[in-house]
Amino acid sequence: MKAVMKTVTIAAVAATAMISANAAMAEGERYVLVSHAPDSDSWWNTIKNGLALGGEQMGVMVEYRNPPTGDLADMARIIEQAAASAPDGIITTLADFDVLSGPIRNAVDAGIEVIIINSGTPEQAREVGALMYVGQPEYDAGFAAGQRAAGDGVASFLCVNHYIAQPASTERCQGFADGLGIDLGNQMIDSGQDPSEVQNRVMAYLNANPDTDAVLTLGPTSADPTILALDQMGLAGDIYFGTFDLGGDIVQAISDGVIEWGIDQQPFLQAYLPVVVLTNYHRFGVLPGNNINSGPGFVTADALGLVADLAGEYR
């Protein structure tokens, strides 16, 4: 009988401890992710999915905020507003150091843990006092892509920059040029984000520069209209075409042989991992000892597999 009572007592204590732990988690840490993306950029849906799944699995509250038009001054205000709401942590992009570093430093000074994702650099993350950086070194990714293209015989290109206000996008184009061993010069265009405008500007450039060997786009916003432009010009599959990031149309174009490769920076990890890291840091005081590179990785027709099924959702 004593043994039975002891077992019941232990079970009751364990159950009480579990209830207490679950209650603490139910109260929940709260983390806010602030991005620079406009509402029109569907690529960020994968970020949102990663954030939501991280929150669900870790039992914490998560919020996604962004400037509707992609205005960085507006983003700076959103970071300030997020910090004023006293979250346990802020996950944010660092699209422009000059514009965003002040609000981020202020959040850190207020005792809010910050993780930088997606844009910016590990060095800039350290400078603003962030815990770490999770993302893809953009210049390095562009350089690796340029080296790959050089090995395939590319000597000139068009870089379709749909977000030229963000320095990281130019780093991609510059890295590509340096990887090829040529000057960037006028080979980068400001395409804007309107699909019809992107398509028209790509066609105008290629008509004016018919000897262009390759096209580089920086994500679905510029890649999808460029696919249409090349198809309309009869160049789909004939001109070398590489892109950053993935999406449904990009994956299909890789499968069809229109796009050679997509550079996958794994945006899912950029949102998911910071939630896991922050939660474990707040609960147990543990923190990875370094930054996390989520990319680059090259996705080609030979290795689509699961990527094709999950593109735009988790890949």
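This write-up is about the structure you can find in this document. (Residues numbered from 1 in each chain as written. Predicted model: local features only at pLDDT ≥ 70, side-chain atom pairs only at ≥ 80, totals over all residues. Heavy atoms only, no water.)

**Thoughts on the environment of Leu-269**
Reasoning step 1: With respect to the helices and strands, Leu-269 occurs in helix α11 (residues 267-284).
Reasoning step 2: The class of Leu-269 is partly exposed, set by a relative accessible area of 24%.
Reasoning step 3: Sequence-wise, Leu-269 and Asp-256 are 13 residues apart; in three dimensions their C-alpha atoms are separated by 27 Å.
Reasoning step 4: Excluding its chain neighbours within four sequence positions, the residues that come into contact with Leu-269 are Val-134, Pro-274 and Ser-294. (Helix = DSSP H or I, 4+ residues; strand = E, 2+ residues; numbered from the N terminus. Buried < 20%, exposed > 50% of the residue type's maximum accessible area, 1.4 Å probe, protein only. Contact = heavy atoms within 4.5 Å.)

**Some points on the environment of Leu-158**
Reasoning step 1: Summarising the element assignment, Leu-158 is placed in strand β6 (residues 157-161).
Reasoning step 2: Leu-158 sits 29 residues away from Gln-187 along the chain, and the two C-alpha atoms are 4.9 Å apart.
Reasoning step 3: Leu-158 has contacts with Gln-187, Ile-189, Val-202, Tyr-205, Leu-206, Thr-212, Ala-214, Val-215 and Leu-216, leaving out every residue within four places of it along the chain.

**Some remarks on the pattern of salt bridges**
Reasoning step 1: Evaluation of the coordinates by the stated rule reveals nine salt bridges.
Reasoning step 2: A salt bridge links Glu-63 to Arg-65, with the nearest nitrogen and oxygen atoms 2.8 Å apart.
Reasoning step 3: For Glu-63, a relative accessible area of 25% corresponds to the partly exposed category.
Reasoning step 4: Judged by relative accessible area, which is 23%, Arg-65 ranks as partly exposed.
Reasoning step 5: In this structure, Arg-172 and Glu-138 form a salt bridge, with 2.8 Å as the shortest nitrogen-oxygen distance. (Salt bridge = Lys/Arg side-chain N within 4 Å of Asp/Glu carboxyl O.)

**Topic: the pairing of strand β1 (residues 30-34)**
Reasoning step 1: Across the five residues that make up β1, a large majority, five, are buried.
Reasoning step 2: Here β1 shows no split at all, with Arg-30, Val-32 and Val-34 on one side and Tyr-31 and Leu-33 on the other all buried.
Reasoning step 3: When β1 meets strand β2 (residues 61-65), the two strands line up parallel, connected through five bridges. Among the inter-strand pairings, Leu-33 is bridged to a residue of β2, identified as Tyr-64.
Reasoning step 4: Once the chain exits β1 it traverses helix α2 (residues 45-58) before rejoining the sheet at β2, and the crossover so formed is right-handed.
Reasoning step 5: Relative to strand β3 (residues 89-93), β1 is paired through four bridges, and the arrangement is parallel. The partner of Val-32 across the bridge, within β3, is Ile-90. (Pairing = 2+ DSSP bridges. Right-handed = clockwise from strand over helix to strand, strands pointing away.)

**Regarding the packing of helix α9 (residues 220-233) against helix α10 (residues 248-256)**
Reasoning step 1: Taken N-terminus to C-terminus, the directions of α9 and α10 make an angle of 50 degrees; their axes are 9 Å apart at the nearest point. Between α9 and α10, the angle is such that the two are oblique. Considering how the two elements wind past one another, α9 and α10 form a crossing that is left-handed. Between α9, through Pro-220, Ala-223, Asp-224 and Ile-227, and α10, the contact on the second element is made entirely by Asp-249, Ile-250 and Ala-253.
Reasoning step 2: Residues belonging to the contact of α9 with α10 are distributed by class as follows: five nonpolar, no polar and two charged. (Axes fitted to C-alpha atoms, helices over the stretch in contact; angles between N-to-C directions. Parallel < 35°, antiparallel > 145°, perpendicular 65-115°, else oblique. Left-handed = near helix turned anticlockwise from the far one by under 90°. Nonpolar A, V, L, I, M, F, W, Y, C, P; charged D, E, K, R; others polar.)

**Focus: the nonpolar core**
Reasoning step 1: Formed by 26 residues in total, the largest nonpolar core has its most connected members in Leu-158, Val-202, Leu-206, Phe-241 and Ile-259.
Reasoning step 2: Elements represented by at least two residues in this core include exactly β6, α8 (195-208), α9 and α10.
Reasoning step 3: Top element by residues in this core is α8. It accounts for five residues.
Reasoning step 4: When residues no more than four places from it in sequence are discounted, the contact partners of Leu-206 are Leu-158, Thr-212, Val-215, Leu-230, Met-233, Leu-235 and Ile-239.
Reasoning step 5: Counting residues in hydrophobic clusters, the runner-up holds 24 residues, among them Val-34, Ala-76, Ala-83 and Phe-97. (Core = buried A, V, L, I, M, F, W, Y, C linked by side-chain atoms within 4.5 Å.)

**Description of the packing of aromatic side chains**
Reasoning step 1: Tallying each qualifying case throughout the model produces seven aromatic pairs.
Reasoning step 2: Summarising the aromatic geometry, the rings of Tyr-139 and Phe-143 are spaced 6.2 Å apart at their centres and angled 25 degrees between planes, so their arrangement reads as stacked. Here Phe-143 and Tyr-139 lie together in helix α6 (residues 138-151), a separation of four residues that amounts to about one turn.
Reasoning step 3: Judged by its relative accessible area of 32%, Tyr-139 falls in the partly exposed class.
Reasoning step 4: Where Tyr-240 meets Trp-261, the ring centres are 6.3 Å apart and the plane angle is 70 degrees; that geometry is what we call edge-to-face. Linking Tyr-240 in strand β9 (residues 240-244) with Trp-261 in strand β10 (residues 261-264), this pair joins segments that are 21 residues apart in sequence.
Reasoning step 5: Relative accessible area serves as the criterion here: at 10%, Tyr-240 is assigned to the buried category.
Reasoning step 6: Of note, Arg-148 hangs over the ring of Phe-298, and the distance from its end group to the ring centre comes to 4.7 Å. (Phe/Tyr/Trp six-rings, centres within 6.5 Å; stacked < 30°, edge-to-face > 60°. Lys NZ or Arg CZ within 6 Å of the ring centre and 35° of its normal.)

**Comments concerning the side chain of Asn-118**
Reasoning step 1: For Asn-118, the location among the structural elements is in strand β4 (residues 113-118).
Reasoning step 2: At 3.3 Å, the side chain of Asn-118 and the side chain of Gln-265 are in polar contact.
Reasoning step 3: Ignoring any residue separated from it by four or fewer positions in sequence, one finds Asn-118 in contact with His-36, Trp-43, Trp-44, Thr-93, Tyr-133, Val-134, Gly-135, Gln-136, Glu-138, Gln-265 and Gln-270. (Polar contact = N/O pair within 3.5 Å; in protein donor to acceptor, adjacent residues only side chain to side chain.)

**What about the sheet that holds strand β12 (residues 297-299)?**
Reasoning step 1: If you trace the six strands from one edge of the open sheet to the other, you get β7-β6-β8-β9-β10-β12, paired in mixed fashion. Edge strands, defined here as strands with exactly one partner in the open sheet, are β7 (188-190) and β12. Each adjacent strand pair in this sheet contributes to an overall mean axis angle of 20 degrees, direction not counted.
Reasoning step 2: Relative to β9, strand β8 (residues 214-217) runs parallel, the two sharing four bridges. Looking at the pairing, Leu-216 lines up with Gly-242 of β9.
Reasoning step 3: Here helix α7 (residues 167-180) sits on the sheet and contacts β6, β7, β8, β9 and β10; the angle it forms with β6, its principal contact strand, is near 170 degrees.

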